[in-house]
Amino acid sequence: MRRLWGRLTSVNVQKAVWALDESGLPYERIEAGGAHGVVDDPAYRVMNPNGLVPTLEEDGFALWESNAILRYLAATGPALALPADPRTRAHVEQWVDWQATSFTPAMRDAFWQLYRSADPDRALIADSLTKTEAMAAILDRHLADRDYVVGTGFSIADIALGCAAHRWLNLPAERIERPALRRWYERVAARPGAARALGEPIA
């Protein structure tokens, strides 16, 4: 039995859902986190001591950290298999990590202030948007002459960055238009595997 714990409004849960659906693996998703609670329950903390989402559970095996889940699903099924060539594989890993360490952190303050704060701090928003524009420019330049983030095929790098781009492109804020980023996002977001992950409102 395979279960994924987490709410679909979480960008990290979206990554795991997209990967599972892309792989065609059967699973049950259990609402957890935010208003759904669950993450502070002792049984959940045994699986994930951080009390965060997502958590993937398979027959007593529990895995947390969304990008670790992406790598695990790539390692266990052909649909998302990492490239055999070590250098190409390293580039996939590089962009997956860049999403977690650079792109998403840059937009975090803008997202939280615009969606979660009753009294948004405009200075924080402006600073976050400026930082995220710099990250978006890097990704846009990288995608200028390619259809996917790495190589000629879809990979977990497209999932990780696709979920981050989905959040960025839907923030209620002005952005510099990035044609290559937009073109790539629309291509990967149209995949059947993305439908459930990207179908919920941003919140």
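Our subject is the structure that appears above.
Residues numbered from 1 in each chain as written. Predicted model: local features only at pLDDT ≥ 70, side-chain atom pairs only at ≥ 80, totals over all residues. Heavy atoms only, no water.

> Mind laying out the overall build of the protein, listing which residues take part and the relevant values?
Scanning the protein from N- to C-terminus turns up seven helices and four strands. The C-alpha radius of gyration computed for the protein amounts to 17 Å, which stays within 12% of the reference 17 Å derived for 203 residues, consistent with globular compactness. Principal axes of the C-alpha set define a box for the protein whose edges measure 45 × 45 × 25 Å. For the protein, the residues scored as buried account for 47% of the 203 residues in total. Of the roughly 9800 Å² of accessible surface on the protein, a fraction of 53% belongs to carbon and sulfur atoms. (Helix = DSSP H or I, 4+ residues; strand = E, 2+ residues; numbered from the N terminus. Rg over C-alpha atoms; globule rule 2.2 N^0.38 Å. Buried < 20%, exposed > 50% of the residue type's maximum accessible area, 1.4 Å probe, protein only. Areas by Shrake-Rupley, 256 points an atom, 1.4 Å probe, with all protein chains shown as cover.)

> How would you sum up the environment of L52? Please name residues and give values.
Counting through the fold element by element, L52 comes out in the loop between helix 2 (42-47) and strand 3 (55-58). Looking at L52, the relative accessible area reads 52%, which means it is exposed. Taking the C-alpha atoms as reference points, L52 and S117, 65 residues apart in sequence, are found 20 Å from one another. Contacts of L52, omitting those with residues within four sequence positions, involve V39 and Y44. (Contact = heavy atoms within 4.5 Å.)

> I'd like to hear about the pattern of salt bridges, residue by residue, with values.
Counted by the stated rule, this structure contains 14 salt bridges. Residues D147 and R187 are paired through a salt bridge, measuring 3.3 Å at the closest nitrogen-oxygen approach. One end of the pair, D147, is in the loop between helix 5 (122-142) and helix 6 (156-170); the other, R187, is in helix 7 (residues 179-189), and 40 residues separate them in sequence. Judged by its relative accessible area of 41%, D147 falls in the partly exposed class. Measuring nitrogen to oxygen at the nearest pair gives 3.5 Å for the salt bridge that ties R182 to E177. Note on R182: relative accessible area 26%, which makes it partly exposed. (Salt bridge = Lys/Arg side-chain N within 4 Å of Asp/Glu carboxyl O.)

> Let's hear about the nonpolar core: which residues, and what values?
Within the largest apolar cluster, 63 residues are counted, with the highest numbers of intra-cluster contacts made by W18, F103, L139 and W184. Put simply, the parts of the chain that give this core at least two residues each are strand 1 (2-5), helix 1 (11-23), helix 2, helix 3 (66-76), helix 4 (86-115), helix 5, helix 6 and helix 7. With 10 residues, helix 6 is the largest single contributor of residues to this core. If we skip the residues at most four places from it in the chain, W184 touches L139, L143, D147, Y148, V149, D158, L161, G162 and A165. (Core = buried A, V, L, I, M, F, W, Y, C linked by side-chain atoms within 4.5 Å.)

> Can you lay out unusual backbone geometry for me, pointing to particular residues and giving the numbers?
At the junction of V53 and P54, the peptide bond is cis and its omega measures out at 5° in the coordinates. Of note, P54 is situated in the loop between helix 2 and strand 3. Positioned with a positive phi, E65 is a non-glycine residue whose angle comes to about 80°.

> Summarise the layout of surface pockets; cite the residues concerned and give the values.
Rolled over the atoms, a probe as big as a water molecule pinpoints where empty space is left. Size it by volume and the largest pocket reaches roughly 620 Å³. S10, V11, N12, L52 and V53 are, among the 29 residues lining the largest pocket, the residues nearest its centre. Every element with two or more residues in the lining of the largest pocket is listed here: helix 1, helix 3 and helix 4. The element contributing the most residues to the lining of the largest pocket is helix 4, with seven residues. When grouped by side-chain class, the residues that make up the lining of the largest pocket number 11 nonpolar, 12 polar and six charged. (1 Å grid on protein atoms, 1.4 Å probe; cavity = no way out; pocket = protein on both sides within 12 Å on 5 of 7 lines; lining within 4 Å. Points joined across faces, edges and corners; volume = space filled by probe spheres on them. Nonpolar A, V, L, I, M, F, W, Y, C, P; charged D, E, K, R; others polar.)

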